[in-house]
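Each chain, written out:
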Amino acid sequence: MPPQQPALPKPYFFYGHRRPSQNRPVVRGGFFSNRQTLNPDLPVVPLPVGPVPDLHKWDPDCPSPPEPTPSPSEAFFAIARRLSPVARFIVDSFRRNQKWGPLLIADLNKLRRVTPALVAEVLKVESNPVMASKFFQWADEIVELMRLQGKPPSEKQFEILIRMHSDANRGLRVFYVYEKMKKFGIVPRVFLFNRIMDALIKTNHLDLALSVYDDFKKNSLREESVTYMILVKGLCKAGRIDDVFEVLEKMRSNLCKPDVFAYTAMIRVLIAAGNLVGCLRVWREMVQDGVKPDVMAYTTLVTALCQGNEVDNGFKFFKEMKEKGFLIDRAVYASLIDSLVANKRLGQACDLLKDMTVEGYRADLSIYNSLMRGLCSDNKLEKAYKLFKITVKEGLAPEFETVNPLLVSYAEHGRMNDFIGLLDQMAKLGRNVMDDLAKFFYFMVEKRQREWKALEVFQELKGKGYYTVSIYNVVISGLHKIGEVTKALTLFEELKGLDLKPDSCTYSNVILCLVDSGDIKEACSCYNKIKEMAGIPSIPAYRSLVRGLCMAGEIKPAIMLVRDCLGNVTMGPIEFKYTLTILHFCKVGVAEKFIEVLEEMVEQGIEIDVTICCSIIYGFSKYRTLEEARKVFSLMKERKLLTEANAIVYDDLLVEHLKKTTAGLVLSALKFHGLESKWRKSIGDSKEQCGSES
C-alpha cells in the first residue's frame, strides 16, 4: 500500500477573486492561499545597512545638521494632520481666503457650535496675528448672531465665552459678556459667578468684581468658600485689610471657617503687594481664630519679613518654628543670614550659621557669599578668606559673586600679592579669570565709582599678563566718565600696539572720547571701522557723534546718523524719534505745530538740545524757507524754550547750512552738464593770475 501523503494545510483565503467593496480593494487569490510561500526561490533583497554609529564618539554639544525647511503647503498639511476635523476646516478656510472677508465669514457661519477648546485649537496653530484676533472677536459675537436669528443663547454658551476670555486674561471682556447675560435675563450659577469675579480680580478690576458680587447677593445666592476666598484675595491685593476681616467674619457666620491654607494664601497675596503690616494683622487674626500655622505659613512669613528688612520680627517667628519642632527649610536660614548681614549684625549671622551646621544642615553657596560680603565690608578679610577655603573644601565651586568682595577689598587695601594669589586659585578651580576680571573692573567703575583705583590695579595686572579687550573697554569707559579723555585715548593707542583687536565696544567708547576732545573726523573714522566689521555702535556713541557733527555744522551727516541709529537699534533715543517727527512736519506743517511738538518734549522731560534744533534747520532748509525757520526760533525764544545766546548760535548754523546746501546744488548742476572740469580750470587760472599780479 503506497504511503499516504500528508494533508495540505487549510487555505486561509478564498482562492480566487474577492468581491470589492467601498473599504476593500480587489484582492486576487493565489499568493495568499496558505502560509507556505509558493515560490521560495525568489531572491531576498537585503536592506541597505549604513555604518554602525560609535556611541563613544558621540558629542551631545555638536549640533545636528539643519533639516530642510518645508514649503508652506507641506507645513500646512503637517499641522492639519494634528487638528480635529472642524479645526482643520477653519484653518483651511484661513489658508484659502488669506484675509478676513465675507467668504471666510460664510465658511464660519456653517459651523453649528464653537467651543472654547475649538477656538484655542485654532489660535494655537494660526501664525497670522490679524486672522487670529479677528477669529477671536468673531467667536465673541456669536451671541448676537443667535439673537438676530431668534435663538436666544443659554447660560452654557455664555459660560464658553467667559472661560475663553478669562483664560486669555481679558477681564473687561468677561464683564462685557456678563452684562450681555443680564440683558438676556440669565442668572449665572454660583460657579460661573466665581469664575467672573476671579477673572476680574486677576486683571486688577476689583470694583467691577465687587459690583458683580452685589448682583450675586441680589439674586439670593449662597456663597461658597471659593467665593469668599476670591473676594479676600482681591481685597488683600488692594490693601483693604478692614474689608478682608469683614469678609472673614461672614465666612465664620456661614460655617465656612478659613483654614491654614486660606490664611497662607492671604499672606502670600499681601506679600506680593508689599504689605507687611497687613501680613502681621492677618497672622494675628489666624492665631486668634484658633488656626495653627504650619511650616509653610511660617516659611512664607519669615522669608517675607527678612526681604522687607524686618529681621527682628523674622527672627522671632524663626524661634517659634524651632520651639514647635518644625523642619526648617534652608531658605529660611539663608533669608535670615542675608538680612542680618545687610543690617551689619555679623555676629548673629555667624552664630546662625553655626546653629545651622549643628542642626545638620549644609550651607549653600548663597549663604557663604552673603557672609563673605559682610566680612569684607567690615574689613575682616582673614575670616572671609577662611570662608572661601571652606567653600572650596566642600566642593561648592565658588562663583564670581563669591570672590568679588575679596578682590575689591584686596585692591582697596593695596594687597596685590593676595589679589594675584586669589586669581591663581580661581584659575585652578576652572574659572575663566579674564571674564571675572572684566566683571571686577566693571564693578569698580560702575558700582563703586573707583575709577582711579581700577586704573591703578590695571596697571599692576598688565605686567602679569592679565589684560583683554573687554578689560580695556571697561577701563576706557570709566576714564571717560570722570573726564580723563587723554588717559582714555592713551589706553586706546596702547591697545592697538598689543596683540589685541579692538571691537565695536572699544570704538564706541573711543568715539565718546574723541567727540569730547573735538576730533570729529577721527570719531567718524571709528564709526566707519565699526561698520566695516558689521557692528553697531552703542546708543551713547550715536548720540555723541550726532551732537558733535551738529556743533561742527555737519547737519546732513548728523541726520543720516539719526536714521541709521533708529534703523539698527530696538529702543532708540527719544530725541532721535522726535527728530524724524520734526522732519515730517517740515513738509506739511507750520511754525505753530513745531511749538506744540517741542512743548510736548518739555512736558516729558526731554531736553531741547542741538540735535532737535539742527533737525529744524535741516528740515526748513530742505522743504521750507529761511524766514519760516527763523520764525520757529523766534517763537521758541518767546516760549522760553531757547535762550538768546543759543538763538544766535543756531541762526549762524542756519545760514552756514544754507550756504553749503546751495554750493552742493551748484556743484551737482555742473557735474550734470559736464562743466565741472572747466569750472575747476577757471578757478585755477584765476588763482595763477592773482599770484602773478601780487
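What this report covers is the structure whose coordinates are included nearby.

What counts, and where the lines are drawn
Residues numbered from 1 in each chain as written. Predicted model: local features only at pLDDT ≥ 70, side-chain atom pairs only at ≥ 80, totals over all residues. Heavy atoms only, no water. Phe/Tyr/Trp six-rings, centres within 6.5 Å; stacked < 30°, edge-to-face > 60°. Helix = DSSP H or I, 4+ residues; strand = E, 2+ residues; numbered from the N terminus. Buried < 20%, exposed > 50% of the residue type's maximum accessible area, 1.4 Å probe, protein only. Lys NZ or Arg CZ within 6 Å of the ring centre and 35° of its normal. Patch = residues over 30% accessible without salt bridge, like charges linked within 9 Å, V, L, I, M, F, W, Y side chains within 5 Å. Areas by Shrake-Rupley, 256 points an atom, 1.4 Å probe, with all protein chains shown as cover. Salt bridge = Lys/Arg side-chain N within 4 Å of Asp/Glu carboxyl O. Lys, Arg positive; Asp, Glu negative; His and termini not counted. Charge placed at Lys NZ, Arg CZ, Asp CG, Glu CD. Expected span 1.5 Å × (residues − 1). Arc of directions from axis to C-beta. Contact = heavy atoms within 4.5 Å.

### Things to note about the packing of aromatic side chains
1) Next: Per the stated rule, a full pass over the model turns up 18 aromatic pairs.
2) Next: Measuring from ring centre to ring centre gives 6.3 Å for Tyr527 and Tyr542, while their planes differ by 65 degrees; the resulting arrangement is edge-to-face. Here Tyr527, found in helix H28 (residues 520-532), pairs with Tyr542, found in helix H29 (residues 539-551); they are 15 residues apart in sequence, far enough to count as distant. Both residues of the pair, Tyr527 and Tyr542, count as buried.
3) Next: In textbook terms, an aromatic cluster arises when at least three aromatic residues are bridged by ring pairs, as seen for Phe175, Tyr178, Phe193, Tyr213 and Phe216.
4) Next: The ring of Tyr176 has Arg173 sitting right over it, with the charged end atom 5.1 Å from the ring centre.
5) Next: Over the ring of Phe317 we find Lys316; its NZ or CZ atom is 4.9 Å from the centre of that ring.

### Comments concerning the environment of Glu320
1) Next: As for its placement among the helices and strands, Glu320 is situated in helix H16 (residues 311-323).
2) Next: Placed 22 residues apart in sequence, Glu320 and Tyr298 show a C-alpha to C-alpha distance of 8.9 Å.

### Some thoughts on a positive patch on the surface
1) Next: There is a patch of like positive charges on the surface, built from Lys354, Lys383, Lys386 and Lys389.
2) Next: With three residues, the top contributor of residues to the positive patch is helix H20 (residues 381-393).

### With respect to H28
1) Next: Here H28 contains 13 residues, and its C-alpha end-to-end distance of 18 Å stays within 8% of the 18 Å for a straight helix at 1.5 Å per residue.
2) Next: Taken residue by residue, H28 has Ile520, Ala523, Cys526, Tyr527 and Ile530 as its buried positions. Buried residues along H28 cover an arc of 115 degrees about the axis, so they all sit on one side. Turned more than 90 degrees away from the buried face of H28, the exposed residues are Lys521 and Glu532.
3) Next: The inward-facing, buried residues of H28 abut helix H27 (504-517), H29 and helix H30 (555-568).
4) Next: In the segment just after H28, Ala534 is the residue with positive phi, at about 60 degrees.

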